[in-house]
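Letter by letter, the chains look like this.
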Amino acid sequence: MRLDDIDERILALLRDDGRASFAAVGAGVGLSASAVKRRVDRMLDAGVITGFSAVVDPEALGWTTEAYVELWCAPSTTPAAVMAVAARHPQVVSAATISGEADALVHVRATSVHDFERVLERIGADPAVVRTKSAIVLSRGVLRT
């Protein structure tokens, strides 16, 4: 699907406030609410917009420790196997295979350093994982979605 300038402005407004009404978005881009709805529906149908969700403060859930873990995997470990390792741990909030020295990067949120340590030990004990390297987040600056 080809996006025009108005579609991109609609997306920017929805990224800022996913609960904004079609009328409010329309006022921001110079269209009627119904015209915005048609464009949003078209972007949903095309898969440009994949859904709407609530953004929850992790600290409100008690997840006060955040870390990134690089994984080095056994030879011929498939990306699906790497994702299966990550999916077994509820503290893993995202995972990706990557280029470079490591095979994957896992984003972990835990209730404490001790909780993170337990997760790291379980990930490292998986037969698909040869080595891990972790970095605990000290502060977060820019966060775009």
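Scope of this entry: the structure provided in the associated data block. (Residues numbered from 1 in each chain as written. Predicted model: local features only at pLDDT ≥ 70, side-chain atom pairs only at ≥ 80, totals over all residues. Heavy atoms only, no water.)

## Some points on helix 5 (residues 113–125)
Note the following rule: Only DSSP runs of H or I with at least four residues qualify as helices, and only runs of E with at least two residues qualify as strands; both kinds are numbered from the N terminus onward. To estimate the expected span of a helix, subtract one from its residue number and multiply by 1.5 Å. Think of it in three bands: residues with accessible area under 20% of the maximum for their type are buried, residues over 50% are exposed, and the middle band is partly exposed, with areas taken using a 1.4 Å probe on protein chains only. The arc refers to the directions leading from the helix axis to the C-beta atoms. Should any heavy atoms of two residues lie within 4.5 Å, those residues are counted as being in contact.
The end-to-end C-alpha distance of helix 5 is 18 Å, a good match for the 18 Å that 13 residues give at a rise of 1.5 Å each. Buried residues of helix 5: Asp115, Phe116, Val119, Leu120 and Ile123, and no others. Seen along its axis, helix 5 keeps its buried residues to an arc of 135°; they face one direction. Along helix 5, exposed side chains directed more than 90 degrees from the buried face belong to Glu121 and Ala125. Lining the buried residues of helix 5 we find strand 1 (65–73), helix 4 (79–87), strand 2 (92–97), strand 3 (104–110) and strand 4 (129–136).

## A closer look at the nonpolar core
The cut-off we apply is this: Nine residue types can take part in a nonpolar core, namely buried Ala, Val, Leu, Ile, Met, Phe, Trp, Tyr and Cys, and a core is a set of them joined through side-chain atoms within 4.5 Å.
Counting residues in each nonpolar core, the largest one holds 18 residues, and the members touching the most others are Val69, Leu71, Val92, Val106, Val108, Phe116 and Ile123. Within the residue set of this core, elements represented by two or more residues are strand 1, helix 4, strand 3 and helix 5. Once residues within four sequence positions are removed from consideration, Val69 is found in contact with Ala104, Leu105, Val106, Val108, Phe116, Leu120, Thr132, Lys133 and Ser134. If you look at the next biggest cluster of nonpolar residues, it comprises nine residues, including Val25, Val29, Val36 and Ile49.

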